Amino acid sequence: MGKHDHHTPVTAASGIEGAIQMLEGRWKLVILFHLFGGQKLRFSDLERAIPAISQKMLIQQLRQLEQDGIVTRIVHAQVPPKVEYHLTDWGQSLCPALDELLTWAERRPTLKREGQSPKE
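Heads up: these notes are all about the structure in this document. Note that the structure is a prediction, hence the values are computed from the model and not measured. (Residues numbered from 1 in each chain as written. Predicted model: local features only at pLDDT ≥ 70, side-chain atom pairs only at ≥ 80, totals over all residues. Heavy atoms only, no water.)

**A look at the overall build of the protein**
Within the protein, the regular secondary structure consists of 6 helices and 3 strands. Ordered by position in the sequence, the α and β elements of the protein form the string α-α-β-α-α-β-β-α-α. Here the protein has a C-alpha radius of gyration of 19 Å; the compact-globule value for 120 residues is 14 Å, and the former is much larger. Along the first, second and third principal axes, the C-alpha set of the protein runs to 65 × 45 × 25 Å. When each of the 120 residues of the protein is scored for burial, the buried share is 22%. Residue pairs in contact within the protein that sit at least 24 positions apart in sequence constitute 53% of those at least 6 positions apart. Of the roughly 9200 Å² that the protein leaves accessible, carbon and sulfur atoms contribute 55%. (Helix = DSSP H or I, 4+ residues; strand = E, 2+ residues; numbered from the N terminus. Rg over C-alpha atoms; globule rule 2.2 N^0.38 Å. Buried < 20%, exposed > 50% of the residue type's maximum accessible area, 1.4 Å probe, protein only. Contact = heavy atoms within 4.5 Å. Areas by Shrake-Rupley, 256 points an atom, 1.4 Å probe, with all protein chains shown as cover.)

**Comments concerning the pairing of strand β3 (residues 82-87)**
Each regular strand carries side chains that alternate between the two faces of the sheet. Counting buried positions along β3 gives 5 out of 6 residues, so the element sits mostly inside the fold. With 2 bridges joining them, strand β1 (residues 41-42) and β3 adopt antiparallel strand pairing. When the bridges of β3 are listed, Arg 42 appears paired with Glu 84. Both strand β2 (residues 71-76) and β3 contribute to a ladder of 6 bridges, which runs antiparallel. Paired with Ile 74 across the bridge in β3 is Glu 84. Where β2 folds back onto β3 in an antiparallel hairpin, the turn is made up of 5 residues. (Pairing = 2+ DSSP bridges.)

**Some thoughts on the nonpolar core**
Across soluble globular proteins, nonpolar side chains have a tendency to be buried as a group. Within the largest apolar cluster, 21 residues are counted, with the highest numbers of intra-cluster contacts made by Ile 31, Leu 32 and Val 71. Contributions of two or more residues to this core are made by α2 (28-35), α3 (43-49), α4 (55-67), β3 and α6 (94-106). Excluding its chain neighbours within four sequence positions, the residues that come into contact with Val 71 are Leu 32, Leu 35, Leu 65, Glu 66, Tyr 85, His 86, Leu 87 and Thr 88. (Core = buried A, V, L, I, M, F, W, Y, C linked by side-chain atoms within 4.5 Å.)

**Some thoughts on unusual backbone geometry**
Cis geometry is found at the peptide bond from Val 79 to Pro 80, where omega equals -5°. Here Pro 80 shows up in the loop between β2 and β3.

The structure is reproduced here in structure tokens:
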């Protein structure tokens with residue numbers, strides 16, 4: 001018996017949809033991959049690491065990840081204020097699942113479209 005035998009197809013699909021919704025957003029996965037491995041990064045470090053993201057979007061994505069319990073925001077009491085972000089233990093536990101998903105995606109067979117030669 002598997003560890004998810006208590007799920008029906010409907011509850012399993014619903015659970016996965018909820019997980020995917022937490023990760024939806026153009027930049028959330030990029031942010032997570034920068035924070036995996038116990039990295040603690042300042043906001044400015046993330047801005048430099050992801051130059052294509054706007055400051056407003058980075059703030060929004062970090063807030064959503066924080067609200068979902070994936071990222072923790074640490075504010076150090078100093079002037080100027082120092083704010084760092086890191087993954088919660090639960091957020092860090094997502095790393096192996098995303099690694100498996102990446103491996104799965106890399107194994108995707110090449111699909112041949114009608115009317116195309118194999119090299120197209």
